[in-house]
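Chains, contacts and geometry: an overview
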Amino acid sequence: MLRVFFALLTGLFGAALLHLVIILALPHFTGRDAATRVEAEGDLNNFYLLTGRYDEAGLANGDPFVRTAVCSFDVGEAPVHFTANGNVPFWSIAIYDSASNEVFSMNDRTSVGGALDVVAASPIQLTDLRKNLPQELQQTIMVETAHPEGYAVLRTLAPQASFDEAARAFLTEAGCDELDAR
């Protein structure tokens, strides 16, 4: 009787675990995960401003007081330099790998001088960069990415309608460019 009870308990636990794994892995297999949607926005190394309505890639900005832009990148060939500067009350950036694991995040309060200046690179690229660091990158925050492909989400605050133009300009002018460190 005890063996039957443990067999049933093990079977139920195994079934529950299997269902949990399948549910969590489903977005990856259906192509509806965040990385795939950001890639569908357009070309690599370009921030795309999200609106309040879902676009063709299935992304939208759901908060009326936050403006959001996304950028898909690949550091396989060269590091990526994220830049932005403007008069906004708050901004934050989060960098994710292709499996949607957060690699790095920061906001204007933890940046140097309130400007966004971050380089994402592979470990080898970072070592090469640090050996011969150009003068213009002395204050830049260096981020190591284990996977070459990823995406960044840049947000800024627009708590009142009067902030909207500055917030949109901040995101539109933000850079997500390959770094030419020659």
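This text gives an overview of the structure that appears in the document. Here the residue index of a chain counts from 1 through its sequence in written order. Restriction of local features to residues with pLDDT of at least 70 applies here, the model being predicted, together with a cutoff of 80 or more for giving and counting side-chain atom pairs; totals for whole chains, interfaces and linings are based on all residues. Side-chain descriptors were evaluated using all non-hydrogen atoms of the structure, hydrogens and water having been removed beforehand.

Here we look at the side chain of Asp108
In this description a helix means any DSSP run of H or I spanning at least four residues, a strand means any run of E spanning at least two, and both kinds are numbered starting from the N terminus. Along the chain, Asp108 falls in the loop between strand S5 (102–107) and strand S6 (116–121). Sequence-distant contacts of Asp108, defined by excluding residues within four places in its chain, comprise Pro89, Phe90, Trp91 and Gly114. We call two residues in contact when some of their heavy atoms are within 4.5 Å.

Side note on the sheet that holds S6
For two strands to pair, DSSP has to find at least two bridges joining them. Strand order in the open sheet formed by 4 strands is S7-S6-S3-S9, and the pairing between neighbours is mixed. What marks the edges here is a single partner per strand, and that holds for strand S7 (141–144) and strand S9 (175–178). Each neighbouring strand pair of the sheet contributes to a mean axis angle of 20°, computed without reference to strand direction. Alignment of S6 against S7, held across 4 bridges, turns out to be parallel. Opposite Val119, over in S7, you have Met142 as the bridge partner. The convention used is that axes are lines fitted to C-alpha atoms, helices contributing only their stretch in contact, and that angles between N-to-C directions extend from 0 to 180 degrees. Against the sheet, helix H3 (residues 123–131) touches S6 and S7, its axis set at about 150° to S7.

Observations concerning helix H4 (residues 164–172)
Using a 1.4 Å probe on the protein chains alone, a residue whose accessible area is under 20% of its type maximum counts as buried, one over 50% counts as exposed, and one in between counts as partly exposed. Turning to H4, its buried residues number three or more, namely Asp164, Ala167, Phe170 and Leu171. Projected down its long axis, H4 shows its buried positions confined to an angular sector of 130°, all on one face. The exposed set on the far side of H4, more than 90 degrees from its buried face, consists of Glu165 and Thr172. Residues of H4 that are buried make contact with strand S1 (48–49), strand S2 (66–74), strand S3 (80–84), strand S4 (91–97) and strand S8 (149–157). Arc, as used here, means the arc of the directions from the helix axis to the C-beta atoms.

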